[in-house]
Amino acid sequence: MKTSAKDLRLHTKRVLDAVERGEEVTITHRGKPRAKIVPVRSTTTQRRKLAHQLPLFGIWKNYADVKDVPAYINKLRSGRH
């Protein structure tokens, strides 16, 4: 969907309804595309994608040598304070 900056200002609810339905909305100013509004993915979907992209994501969960993560981190930082 395309809409002008003026229409966005006057009909924000209509634009947000379109985005909620999954549409991408291109905002134009003086006939030229200036911005795009896209639907936000759910947090769960983002976390799953991040977990697959970054091999160290969630490393503390399966790190057997460290049972108390905050204590371990404080121990590592103790020399700096």
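Residues numbered from 1 in each chain as written. Predicted model: local features only at pLDDT ≥ 70, side-chain atom pairs only at ≥ 80, totals over all residues. Heavy atoms only, no water.

With respect to helix H2 (residues 12–20)
Here is step 1: If you check which residues of H2 are buried, you get Val15, Ala18 and Val19. For H2, the angular spread of buried residues about the axis comes to 100 degrees, placing them on one side. Exposed residues lying more than 90 degrees from the buried face of H2 are Lys13 and Glu20.
Here is step 2: On its buried face, H2 sits against strand S1 (2–4), helix H1 (5–10), strand S2 (25–29) and strand S3 (32–37). (Buried < 20%, exposed > 50% of the residue type's maximum accessible area, 1.4 Å probe, protein only. Helix = DSSP H or I, 4+ residues; strand = E, 2+ residues; numbered from the N terminus. Arc of directions from axis to C-beta. Contact = heavy atoms within 4.5 Å.)

Notes on the nonpolar core
Here is step 1: Counting residues in hydrophobic clusters, the biggest one holds five residues: Val15, Ala18, Val19, Val25 and Ile27.
Here is step 2: Counting residues per element, the ones that place at least two in this core are H2 and S2.
Here is step 3: Among the elements that make up this core, the one with the highest residue count is H2 (three residues). (Core = buried A, V, L, I, M, F, W, Y, C linked by side-chain atoms within 4.5 Å.)

Description of the side chain of Thr28
Here is step 1: In this structure, Thr28 sits in strand S2.
Here is step 2: On the basis of relative accessible area, Thr28 is assigned to the buried category, the value being 13%.
Here is step 3: Residue contacts for Thr28: discarding those within four places in its chain leaves Thr3, Ser4, Ala5, Pro33 and Arg34.

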